[in-house]
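# Geometric and topological summary
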Amino acid sequence: MKKITLLLILLLAFFVVDNADAQRKRSRQRTKARTHKVVKKVKRQVFSRPTVHENPFLQCEDTCTHVHGIDLSHYQGEVFWETVGDNTRMAYVYLKATEGGDRIDDRYEANIDLAHRYGLKVGSYHFFRPRTNLAHQLANFMTQCLPGEQDLIPMLDVESTGGLPTEEFCDSLHKFLIMLETAYHQKPLVYTGRNFYNRHLVGMLDDYLLMIAMYTDEEPVLVDERDICLWQYTGKGRINGVIGYVDKSRFMGRHGLRELRFRH
């Protein structure tokens, strides 16, 4: 009887030890699985870097070697140009000067003076209003965009048809582009959105350099496959020296600042 009792005790002890070993083994496997999952998650975070459009604090100029710039207006408020000038990734700036026949950007004079002072190449732009008298628009722009203050050719911001049929709108735009070229003795740069270009401007701007706005991760392609000089890739960029969002752009392909140089 004692032998049987001893045998039962030994069997019970073996079972307990074996069961404990099995539990430890399962615990190690669960820990290993959790660790592997965490490592995979960390790797995804480290090596699958979010794009500039997924994370507005990750800047395009941090991830490529293109020449970058910004465009500004009174919407950005006071700009700390000394800080902006210290950002060597920003090579140029286009400043809003005027809109339509009588609107003047109230930050333009201060912005152009300080942008020059802190080393940026500067150009000026006019927001085009197709229904507004063209001579008034040109006179308005010329009071602000003085040739002696320009490093870059003038830019025309074209975003609205003003409710005109496409043919009438294009006729008004074509006349104003000729007026700008006559006044400044060089063709202006034209800024517009990809969708707006595809809808209204195909074949209209073949002789002009283009800045195309399209806020996606892929480079813009126009329906007629026109060459694009500059791509405004975000309207929600960040830069030290500017409070809030700022529009950012970069040169495409082999294009560079030399093509935009204002000829004095």
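Report on the accompanying structure. Just so we're clear, the structure is a prediction, and the values are computed from it rather than from any experiment.

## Quick look at the overall build of the protein
- Within the protein one finds 6 helices and 9 strands.
- Going through the 264 residues of the protein one by one, you find that 42% of them count as buried.
- Contacts spanning at least 24 positions in sequence make up 63% of the contacts within the protein whose residues lie at least 6 apart.
- Accessible surface, the protein: about 15,300 Å² in total, of which carbon and sulfur atoms supply 54%.

## Let's talk about the packing of aromatic side chains
- This structure, assessed with the given rule, holds 6 aromatic pairs.
- Between tyrosine 92 and phenylalanine 251, the ring centres sit 5.5 Å apart and the planes meet at 65°, which makes this aromatic pair edge-to-face. Note that tyrosine 92 is positioned in strand β2 (residues 90-99) and phenylalanine 251 in strand β9 (residues 246-251), a separation of 159 residues in sequence. In this pair, the class of tyrosine 92 matches that of phenylalanine 251, namely buried.
- On the numbers, 5.9 Å between centres and 65° between planes, the contact of phenylalanine 141 with tyrosine 184 is edge-to-face. In this pair, phenylalanine 141 sits in helix α4 (residues 134-144) while tyrosine 184 sits in helix α5 (residues 166-184), placing the two residues 43 residues apart along the sequence. Each member of the pair, phenylalanine 141 as well as tyrosine 184, is classed as buried.
- The structure contains a cluster of three or more aromatic residues connected by ring pairs, namely Phe141, Tyr184 and Phe262.

Parameters at a glance
Residues numbered from 1 in each chain as written. Predicted model: local features only at pLDDT ≥ 70, side-chain atom pairs only at ≥ 80, totals over all residues. Heavy atoms only, no water. Helix = DSSP H or I, 4+ residues; strand = E, 2+ residues; numbered from the N terminus. Buried < 20%, exposed > 50% of the residue type's maximum accessible area, 1.4 Å probe, protein only. Contact = heavy atoms within 4.5 Å. Areas by Shrake-Rupley, 256 points an atom, 1.4 Å probe, with all protein chains shown as cover. Phe/Tyr/Trp six-rings, centres within 6.5 Å; stacked < 30°, edge-to-face > 60°.

In short, shape yes, function no, at least from these values alone.
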